[in-house]
Amino acid sequence: MIPLSKVAMSPDVSTRVSAVLSSGRLEHGPTVAEYEAAVGSRIGNPRVVSVNCGTAGLHLALSLAARPGAGESEHDGPGEVLTTPLTFEGTNWPILANGLRIRWVDVDPATLNMDLDDLAAKISPATRAIVVVHWLGYPVDLNRLRAVVDRATAGYDRRPLVVEDCAQAWGATYRGAPLGTHGNVCVYSTGAIKILTTGSGGFVVLPDDDLYDRLRLRRWLGIERASDRITGDYDVAEWGYRFILNEIGGAIGLSNLERVDELLRRHRENAAFYDKELAGIDGVEQTERADDREPAFWMYPLKVRDRPAFMRRLLDAGIATSVVSRRNDAHSCVASARTTLPGLDRVADRVVHIPVGWWLTEDDRSHVVETIKSGW
Ligand SMILES: *Cc1c(COP(=O)(O)O)cnc(C)c1O
């Protein structure tokens, strides 16, 4: 079977992990600091706060919208977050965990990302935050997003927090710059099957030093690590969570960083092959490609006719496929937020993901193409 995802582990990982295991420092220590600095230099933004999973990173990021800081005004009524339903549930449940309300924005059938026109129509003074997802690592049009938010909120006294879910987007760039450098709060996952993995983990990238300091503290109960806890002479001004990445995760991350570029290159090469070979096949529609962004291709999406038959045909040929995530607005726990989403309706029953990662051989990817060409 050609799997849809695979854990990428650097061969030298056990050396680094063993060193941590015998170091006497498992939770707080120098390895995570070194890992965060390494991630920051790759992304081009040193304000990196590592966490124990991407979902925790989103919880932390959205806590900025749930609890306005000193001097900021509270809006009347419950805080609302505009978000996309076509994503992993880990994007959206942190909104609820922060006591905020979900308002669904439609999906652009061309990109599978948020429909920015529908976003513009739905922004209101009740909007505390906007969450966009770079689905499969295909970057949202961030300049257009900024323009939409600027225009829609020109008359408001507070700009909504914009959070980018970059969980599937390690290595992706927009206008030549990595995601995490375009002025928003960005959250990556380094879960087991993500391109860069720490086993379990993630990190938040912040656009300024003030937000960085606040989230760095909120990640560990609001306590400053360097404070004097022997005499008890310290204060927690903003309470926080218990979301730290441990030293073992840091060691795994440092090892995997060394070869992640090569893995990403292979994802992109395989995707370029599919872009060419799967174009124009009856019953198959590809998603948008734009010149101003370089996707990560965590997986490769197609919109297909008769999805159940397509998936069965590929399974019979030894190729794993998946829908990956159910449209989040269909879950009963968010029934009260349901609304009409015509863009999503157009694609929800057709989207399927096929293997594209570093583990595919040239024979594998040709086999995928030939199987699809043979019909289903
Ligand atoms: C993986 C993922 C998450 C959550 O990350 P975890 O590290 O599993 O908590 C969030 N959003 C998207 C789009 C993801 O793919």
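Conventions used here
Residues numbered from 1 in each chain as written. Predicted model: local features only at pLDDT ≥ 70, side-chain atom pairs only at ≥ 80, totals over all residues. Heavy atoms only, no water. 1 Å grid on protein atoms, 1.4 Å probe; cavity = no way out; pocket = protein on both sides within 12 Å on 5 of 7 lines; lining within 4 Å. Points joined across faces, edges and corners; volume = space filled by probe spheres on them. Nonpolar A, V, L, I, M, F, W, Y, C, P; charged D, E, K, R; others polar. Phe/Tyr/Trp six-rings, centres within 6.5 Å; stacked < 30°, edge-to-face > 60°. Buried < 20%, exposed > 50% of the residue type's maximum accessible area, 1.4 Å probe, protein only. Lys NZ or Arg CZ within 6 Å of the ring centre and 35° of its normal. Near = heavy atom within 4 Å. Polar contact = N/O pair within 3.5 Å; in protein donor to acceptor, adjacent residues only side chain to side chain. Patch = residues over 30% accessible without salt bridge, like charges linked within 9 Å, V, L, I, M, F, W, Y side chains within 5 Å. Areas by Shrake-Rupley, 256 points an atom, 1.4 Å probe, with all protein chains shown as cover. Salt bridge = Lys/Arg side-chain N within 4 Å of Asp/Glu carboxyl O. Helix = DSSP H or I, 4+ residues; strand = E, 2+ residues; numbered from the N terminus. Core = buried A, V, L, I, M, F, W, Y, C linked by side-chain atoms within 4.5 Å. Domains from an automatic or database assignment. Contact = heavy atoms within 4.5 Å.

## Brief notes about empty space enclosed by the protein
At step 1: On inspection of all chains with the given rule, the structure shows three cavities of 30 Å³ or more.
At step 2: A volume near 80 Å³ is recorded for the largest cavity.
At step 3: Together, Thr111, Leu112, Trp135, Leu136, Tyr138, Thr287, Glu288, Arg289, Pro295, Phe297, Met299 and Pro301 line the largest cavity.
At step 4: Of the residues belonging to the lining of the largest cavity, the class tally is eight nonpolar, two polar and two charged.

## A word on the packing of aromatic side chains
At step 1: The full count for this structure, using the stated rule, is 10 aromatic pairs.
At step 2: Taking 4.9 Å as the distance between ring centres and 5° as the angle between the ring planes, the aromatic pair formed by tyrosine 241 and phenylalanine 243 counts as stacked.
At step 3: Taking the relative accessible area as the measure of exposure, tyrosine 241 reaches 13% and is therefore buried.
At step 4: Since its relative accessible area comes to 14%, phenylalanine 243 is described here as buried.
At step 5: Aromatic ring contacts, followed pair by pair, group Phe273, Tyr274, Phe297 and Tyr300 into a single cluster.
At step 6: Just above the ring of tryptophan 358 sits the side chain of arginine 259; from NZ or CZ to the centre is 5.8 Å.
At step 7: Sitting over the ring of phenylalanine 273, arginine 365 keeps its end group 4.3 Å from the ring centre.

## Some thoughts on the site of the ligand
At step 1: As a matter of local geometry, the ligand sits amid 13 residues, with Gly54, Thr55, Asp165, Ser189 and Lys194 nearest to it.
At step 2: With respect to the ligand, the backbone of glycine 54 contributes an N or O atom lying 2.7 Å from an oxygen atom.
At step 3: Tallied by class, residues from the shell around the ligand come to four nonpolar, seven polar and two charged.

## What to know about a nonpolar patch on the surface
At step 1: Taken together, Val7, Met9 and Ile193 make up a surface patch of nonpolar side chains, about 220 Å² in accessible area.
At step 2: Following the sequence through the fold, methionine 9 ends up in the segment before α1 (13-21).

## Observations regarding the nonpolar core
At step 1: Judged by nonpolar contacts, the single largest core of 80 residues is most densely connected at Leu119, Trp170 and Phe203.
At step 2: Looking at this core, the element that brings in the most residues is helix α3 (residues 54-66), giving seven residues.
At step 3: Mapping this core onto the domain boundaries places at least three of its residues in each of domain 1 (13-257) and domain 2 (260-373).
At step 4: Apart from residues lying up to four places away in sequence, phenylalanine 203 is in contact with Tyr35, Val39, Ile43, Val48, Val49, Ser50, Val51, Trp170, Cys186, Val187, Tyr188 and Thr190.

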